[in-house]
Amino acid sequence: MRTSAEAATGSDEHGGRRLARDGALSADAFRRVMGAHAAGVVVVTAEGAQGPVGVTATSFTSVSLDPPLVSFYIDDRSGSWPALRGAPSFAVNILGEDQREVAARFATRGIDRFAHPTRWRRGADGLPLLQGAAGHVLCLKHDVLAVGDHWLVVGRVAQAHVSEDTERPLLYHRGRYGRFTA
């Protein structure tokens, strides 16, 4: 049970401060702390009504083994989101350490991301697959959920391929692309 002194100071019964419930954390502070977390880099691609679309993401993760599910988040203001949302399937291109330019290209607004020098081919269901990727995960859309100012997209994995040529992943840390060294 909390004492009146704990209630007045905002501390809990363990002497610690309580978490702010009013969203007091600034966007800049949130970006800084999340930047301390190294993340793998992928490009999510799909076939839209107007042609191929794709976007760089660092929020890709496995969700479930049975059934095999993966997920990523996308900003609801992304120009690629309408086409991705309407597509029944998508591909996750896991980038290798030598694909920094590819990651930057698919993170740039207002350009044809699939034009030269992007190297790509069509895979199953016509999905755009980036050449030189460390792996490809081809998914059927399983679920979509609005979460804050982003959308959580869950895909059921239908096919997966790992490249034997690319051993090291591309990472994103503190606003920069880098590589992993064991």
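Values in this document were obtained by computation on a predicted structure and should not be read as measured data.

Each value, and the rule that gives it
Residues numbered from 1 in each chain as written. Predicted model: local features only at pLDDT ≥ 70, side-chain atom pairs only at ≥ 80, totals over all residues. Heavy atoms only, no water. Helix = DSSP H or I, 4+ residues; strand = E, 2+ residues; numbered from the N terminus. Buried < 20%, exposed > 50% of the residue type's maximum accessible area, 1.4 Å probe, protein only. Contact = heavy atoms within 4.5 Å. Areas by Shrake-Rupley, 256 points an atom, 1.4 Å probe, with all protein chains shown as cover. Lys, Arg positive; Asp, Glu negative; His and termini not counted. Charge placed at Lys NZ, Arg CZ, Asp CG, Glu CD. Core = buried A, V, L, I, M, F, W, Y, C linked by side-chain atoms within 4.5 Å. Salt bridge = Lys/Arg side-chain N within 4 Å of Asp/Glu carboxyl O. UniProt positions renumbered as here; feature names shortened; annotations may be inferred.

In terms of regular secondary structure, the chain is built from 4 helices and 12 strands. Within the chain, the fraction of its 182 residues that count as buried is 34%. Long-range contacts, defined here as pairs at least 24 residues apart, represent 61% of the contacts in the chain between residues at least 6 apart. Carbon and sulfur atoms provide 53% of the accessible area of the chain, an area that totals close to 11,400 Å². In the chain, the 21 positive side-chain charges and the 19 negative ones have mean positions that sit 5 Å from each other.

Okay, the nonpolar core next. Formed by 18 residues in total, the largest nonpolar core has its most connected members in Val-44, Ile-74, Leu-84 and Phe-90. Those elements that place two or more of their residues in this core are β2 (42–48), β3 (51–57), β5 (69–75), α3 (81–86), β6 (89–94), β9 (135–147) and β10 (150–162). Residue contacts for Ile-74: discarding those within four places in its chain leaves Val-55, Trp-81, Leu-84, His-150, Trp-151 and Val-153. In terms of nonpolar packing, the next biggest core, distinct from the first, is built from 8 residues, Val-41, Phe-114, Leu-130 and Leu-170 among them.

On inspection of all chains with the given rule, the structure shows 4 salt bridges. Between Arg-31 and Asp-28 there is a salt bridge whose closest N-O contact spans 3.1 Å. Of the two residues, Arg-31 and Asp-28 both sit in helix α2 (residues 27–35), 3 residues apart, roughly one turn of that helix.

Attention shifts here to the UniProt feature "domain: Flavin reductase like" (unreviewed entry) in the chain. On the UniProt side, "domain: Flavin reductase like" (unreviewed entry) is annotated at positions that read residues 34–179 here. For the annotated span residues 34–179, helix accounts for 10% and strand for 50% of the residues, and the straight-line distance between the end C-alpha atoms is 18 Å.

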